[in-house]
Amino acid sequence: MKLEDKIEILKALGVDASKTEIVFEKNVEYEIGNVESGGIAVQNVYNYATEPAAQQPAAQLPSAQQTAAQLPSAQPSAPRKRRSTPLKPRVVDEVFTYRFLNHEGGYTRLVQLYKALLRAGWIHQDTKPDDFNAIFEGEANPVKVKWTAPQANLYYLVKTLEEKLLISLPQGSSIWVVTGSHFLDSDSRQFGSWNKQKTPKKAKAAIDRMVNLLDPTKDEKRNS
């Protein structure tokens, strides 16, 4: 088929030949496709200077993958720190053993210490002497005594009694675990760290006198 014949066919189809490009390759598919089986393909040729904007091909938009790639990557959030739950103080039934408990006047000395602490207001006024003494009689029990004075006073009292060998502990026991198990604060709660306690300067002399109440060697000095 001649070129002139092909142009006539295009005109018959209503195609403006001045704005078309005639392709002679056979069986080649374009955007519009073959006009006839003879291999004439028509492809619109746009003049971007004269064609209306509505007829011009739309600009290629970036794909979703490209858009996502251009976005800054999210920084991984820092892991949350777990709040550490403070450990509850250990509680045991083990008690102290007063060294001279079975000696003559041993029980009386414990009662004297109890009365001295009660007069000073360092133990609760409802404390029974039997409950107080039970902490120093060597037989395990869950008895509790409310200590109303500063913790440092109790710390120095027990520390001095142990250093002077007036009280002893069951083998493998901790002096402060035993103390904290049987002496509670004024709110009936267990005391905090014993390692932070220091000798109370104002109460030291009074505590030393209380310690001497359990020392039989001091009896002669008190009686003289």
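In this text the structure is predicted, and so the values were computed from the model without any measurement.

Q: Lay out the environment of Phe136 with the relevant residues and their values.
A: Relative to the helices and strands, Phe136 resides in the loop between helix H4 (129-134) and strand S4 (145-146). Sequence spacing of Phe136 and Glu94 is 42 residues, and the spatial spacing of their C-alpha atoms is 9.9 Å. The residues contacting Phe136, other than those within four sequence positions of it, are Phe96, Thr97, Tyr98, Leu101, Leu110, Ile167 and Phe183.

Q: I'd like a rundown of the pattern of salt bridges, residues and numbers included.
A: With the rule as written, the count across this model stands at four salt bridges. Lys159 is the partner of Glu163 in a salt bridge, and the nearest nitrogen-oxygen pair spans 2.9 Å. Taken as a pair, Glu163 and Lys159 lie in helix H5 (residues 151-163) at a separation of four residues, close to a single helical turn. In this structure Lys159 comes out as partly exposed when scored by relative accessible area, which is 24%. With a closest N to O distance of 3.9 Å, Asp185 and Arg189 form a salt bridge. With a relative accessible area of 14%, Asp185 lands in the buried category. Here the salt bridges share partners, and the residues they tie into one network are Asp185, Asp187 and Arg189.

Q: Tell me about the layout of surface pockets, and name the residues and values.
A: Vacant regions in the atomic arrangement are exposed by a probe of water-molecule size rolled over the atoms. Taken as a whole, the largest pocket encloses approximately 200 Å³ of empty space. In terms of lining residues, the largest pocket is bounded by 12 residues, among which Pro89, Trp176, Phe191, Gly192 and Trp194 are the most central.

What counts and how
Residues numbered from 1 in each chain as written. Predicted model: local features only at pLDDT ≥ 70, side-chain atom pairs only at ≥ 80, totals over all residues. Heavy atoms only, no water. Helix = DSSP H or I, 4+ residues; strand = E, 2+ residues; numbered from the N terminus. Contact = heavy atoms within 4.5 Å. Salt bridge = Lys/Arg side-chain N within 4 Å of Asp/Glu carboxyl O. Buried < 20%, exposed > 50% of the residue type's maximum accessible area, 1.4 Å probe, protein only. 1 Å grid on protein atoms, 1.4 Å probe; cavity = no way out; pocket = protein on both sides within 12 Å on 5 of 7 lines; lining within 4 Å. Points joined across faces, edges and corners; volume = space filled by probe spheres on them.

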